[in-house]
Amino acid sequence: MVEILTSAAIAAISVLILGPIAIPILHKLKFGQSIRTEGPKSHQAKSGTPTMGGIFLIAGIVIATLIRAEWTAEILLALFILIGHFALGFLDDYIKVVKKRNLGLKARQKLAGQILISVVTIFIATQELGIQTTLWIPVVGETIDLGILYYVLVLFVIVGASNAVNLTDGLDGLASGNMAIASSCYGVICLLTGHDNLAIFCAAIVGACIGFLKFNFHPAKVFMGDTGSLALGGAFAAVGILTHTELLLVVVGLIFVCEALSVIIQVISFQTTGKRVFRMSPIHHHFELGGWSEIKVVTVFWAVGLIAGIIGLTMLTNSAAKVI
C-alpha cells in the first residue's frame, strides 16, 4: 500500500514540477492548439493554448513507475504500450502543430503504429507472461477460450481504448479527470486479481492525471494533445489485458466507450440517412450545444465515470475467484 500511495504522490509532484517548466517552453515554441472551425464557437477562445502537455504528464507516470514498481516483464510491457502510444501521439501532434498539417498522421499510419504495438504486446503477453487466450465474462464469472481470436481481441482493445480516450480529450479536464477515476478503479482491480505491482502503475496514472488537472482544468493552461491522450488510452488497455479483465474495460471506461460510440453512430447515420443523431460528436459537444457549460459537462461525466467504475468493481468482486 505504501508503494501505491508513494507512486501516486511521486507522479503528481513530478507533473506539478515539470508543468511550470514545460508550459512556457511550449508557448515559446508556439506549440499552440488549432481549434476546428466546425466545433462549438466558445472553443475558439482556446486557440493558441499550448498543446503536447502529454510530454510532462506521461513523464510523471514513467518516473513514478520506474521508482516504485519492480521492473518485471509485466511492468515493462505496460510501459512499452504507454510509451509506444506516447511516441505515436507525439508524432501526430508534431505534424499538426509544427508541420502545420492539421490532420496529423494519416489514419492508416496511426493504425499501423497501433497494430505494431499490439503485435509486440500479444507476443510478450502470451509467450513471456503466459496469458491464456481465454476471455473472462463478467457477472457469470466464466471464461471461454477464444483461441486465435484472442489476438484479434487484444488488437481491438488497444486500438479502441487509445482512440476512445483520444476522442474524450475535447474539454478541459475531461480526459484527465476520467482517466484518474478509471485508473483508481483499475488499481483496485489489480489488487483483487493479484497484480500488486501493476497497481503501482495505475497509481502513477492517477497521480499524474490529478497533477495535470492543475494546468488542464477549465480554463486550461495546456492541453495534453494526442501525445497524452493516445498514451493514456494505451495504458488503460494495458491494465485490462494484463489483468485479463478486458470486458471490464467497457464498464469502467464507460465514458470513453460512449464518446467513441457517439462518433461511430454519428458518422454511420449521416452517411446512410443524411441526418445527425447528435447535435455534434463526440457526445460531450452534444451537451455543450444543448446549453450545458463546459464545467457542468465535465463534472457530470466525471460522476458518471465514477458510478461506472463502482459498478465494474462490484461485477468483479461478485466473481473475482473466476478471473484467470
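Up top you'll find the structure we're talking about.
Residues numbered from 1 in each chain as written. Predicted model: local features only at pLDDT ≥ 70, side-chain atom pairs only at ≥ 80, totals over all residues. Heavy atoms only, no water.

Caption draft 1: Focus on the pattern of salt bridges. The full count for this structure, using the stated rule, is five salt bridges. Asp92 is the partner of Lys110 in a salt bridge, and the nearest nitrogen-oxygen pair spans 3.3 Å. Note that Lys110 is positioned in helix α4 (residues 107–128) and Asp92 in helix α3 (residues 73–97), a separation of 18 residues in sequence. The two residues Lys110 and Asp92 agree in class, both being buried. Across the pair Asp226 and Lys110 runs a salt bridge whose closest N-O atoms are separated by 3.9 Å. With Asp226 in helix α8 (residues 225–242) and Lys110 in helix α4, the pair connects residues that are 116 residues apart, well separated along the chain. No difference in accessibility class separates Asp226 from Lys110, as the two residues are buried. Several salt bridges share partner residues, and in doing so they unite Asp92, Asp93, Lys96, Lys110 and Asp226 into one network. (Salt bridge = Lys/Arg side-chain N within 4 Å of Asp/Glu carboxyl O. Helix = DSSP H or I, 4+ residues; strand = E, 2+ residues; numbered from the N terminus. Buried < 20%, exposed > 50% of the residue type's maximum accessible area, 1.4 Å probe, protein only.)

Caption draft 2: Spotlight on unusual backbone geometry. A cis amide bond links His218 to the next residue, Pro219, at an omega of -5°. Tracing the backbone shows Pro219 in the loop between α7 (196–216) and α8. In the segment running from Ser281 into Pro282, the intervening peptide bond is cis, with an omega of 0°. Structurally, the position occupied by Pro282 is in the loop between α10 (254–273) and α11 (283–289).

Caption draft 3: Spotlight on the nonpolar core. Among the nonpolar cores identified, the biggest contains 76 residues, and Ile61, Leu82, Tyr186, Phe201, Leu232 and Phe236 are the most heavily contacted of them. Ranked by the residues each element gives to this core, the list is headed by α7, at 12 residues. Discounting chain neighbours no more than four positions away, the residues touching Leu232 are Leu57, Ile58, Ile61, Val165, Met179, Ile205, Cys209 and Met224. Core analysis: the second largest hydrophobic core is formed by eight residues, Leu171, Ile283, Val297 and Val298 among them. (Core = buried A, V, L, I, M, F, W, Y, C linked by side-chain atoms within 4.5 Å. Contact = heavy atoms within 4.5 Å.)

Caption draft 4: Structural context of the pairing of strand β1 (residues 134–137). In terms of strand pairing, β1 meets strand β2 (residues 142–145) through four bridges, oriented antiparallel. Within β2, the residue paired with Ile137 across the bridge is Glu142. Linking β1 back to β2 in an antiparallel pair, the connection comprises four residues, with Val139 at a positive phi of about 75°. (Pairing = 2+ DSSP bridges.)

Caption draft 5: Structural context of the packing of aromatic side chains. Tallied over the full model, the rule gives nine aromatic pairs. Taking 5.8 Å as the distance between ring centres and 85° as the angle between the ring planes, the aromatic pair formed by Phe56 and Phe215 counts as edge-to-face. Taken together, the residues Phe56 in helix α2 (residues 54–68) and Phe215 in helix α7 connect sequence positions 159 residues apart. Here Phe56 falls in the buried class, since its relative accessible area comes to 3%. Ring centres of Phe287 and Phe301 lie 5.8 Å apart, and the angle between their planes is 85°; this geometry places the pair in the edge-to-face category. With Phe287 in helix α11 and Phe301 in helix α12 (residues 294–317), the pair connects residues that are 14 residues apart, well separated along the chain. (Phe/Tyr/Trp six-rings, centres within 6.5 Å; stacked < 30°, edge-to-face > 60°.)

Caption draft 6: Main features of the packing of α2 against α7. Between α2 and α7, whose axes approach to 8 Å, the crossing angle comes to 145°. With respect to the hand of their crossing, α2 and α7 are arranged in right-handed fashion. The segment α2 lies against α7, with Phe56, Leu57, Ile61, Ala64, Thr65 and Arg68 engaging Ile200, Phe201, Ala204, Ile205, Ala208, Cys209, Phe212 and Phe215. Classifying every residue of the contact of α2 with α7 by side-chain character gives 12 nonpolar, one polar and one charged. (Axes fitted to C-alpha atoms, helices over the stretch in contact; angles between N-to-C directions. Left-handed = near helix turned anticlockwise from the far one by under 90°. Nonpolar A, V, L, I, M, F, W, Y, C, P; charged D, E, K, R; others polar.)

Caption draft 7: Main features of the layout of surface pockets. Computed from the structure, the second largest pocket encloses a volume of approximately 540 Å³. The wall of the second largest pocket is formed by 21 residues, among which Phe156, Gly160, Ala161, Ala164 and Ala260 lie closest to the centre. For the lining of the second largest pocket, the secondary-structure elements that each account for two or more residues are α5 (149–168), α9 (248–252) and α10. Ranked by residues supplied to the lining of the second largest pocket, first place goes to α5 with nine residues. For the lining of the second largest pocket, the class distribution of residues is 17 nonpolar, three polar and one charged. (1 Å grid on protein atoms, 1.4 Å probe; cavity = no way out; pocket = protein on both sides within 12 Å on 5 of 7 lines; lining within 4 Å. Points joined across faces, edges and corners; volume = space filled by probe spheres on them.)

Caption draft 8: Spatial organisation of empty space enclosed by the protein. Taken as a whole and judged by the stated rule, the model has one cavity of 30 Å³ or more. Within this model, the largest cavity holds a volume of roughly 50 Å³. As for the largest cavity, its lining consists of Asn178, Ile181, Ala182, Val252, Gly253, Leu254, Ile255, Phe256, Gly305 and Gly309. Put simply, the parts of the chain that give the lining of the largest cavity at least two residues each are α6 (174–192), α10 and α12. Here the lining of the largest cavity is built from residues that sort into six nonpolar, four polar and no charged.

Caption draft 9: Quick look at α2. Here α2 spans 21 Å end to end across 15 residues, near enough to the 21 Å set by a 1.5 Å rise per residue. Within α2, burial applies to Gly54, Phe56, Leu57, Ile58, Gly60, Ile61, Val62, Ala64 and Thr65. Against the buried residues of α2 lie α1 (2–28), α3, α7 and α8. (Expected span 1.5 Å × (residues − 1).)

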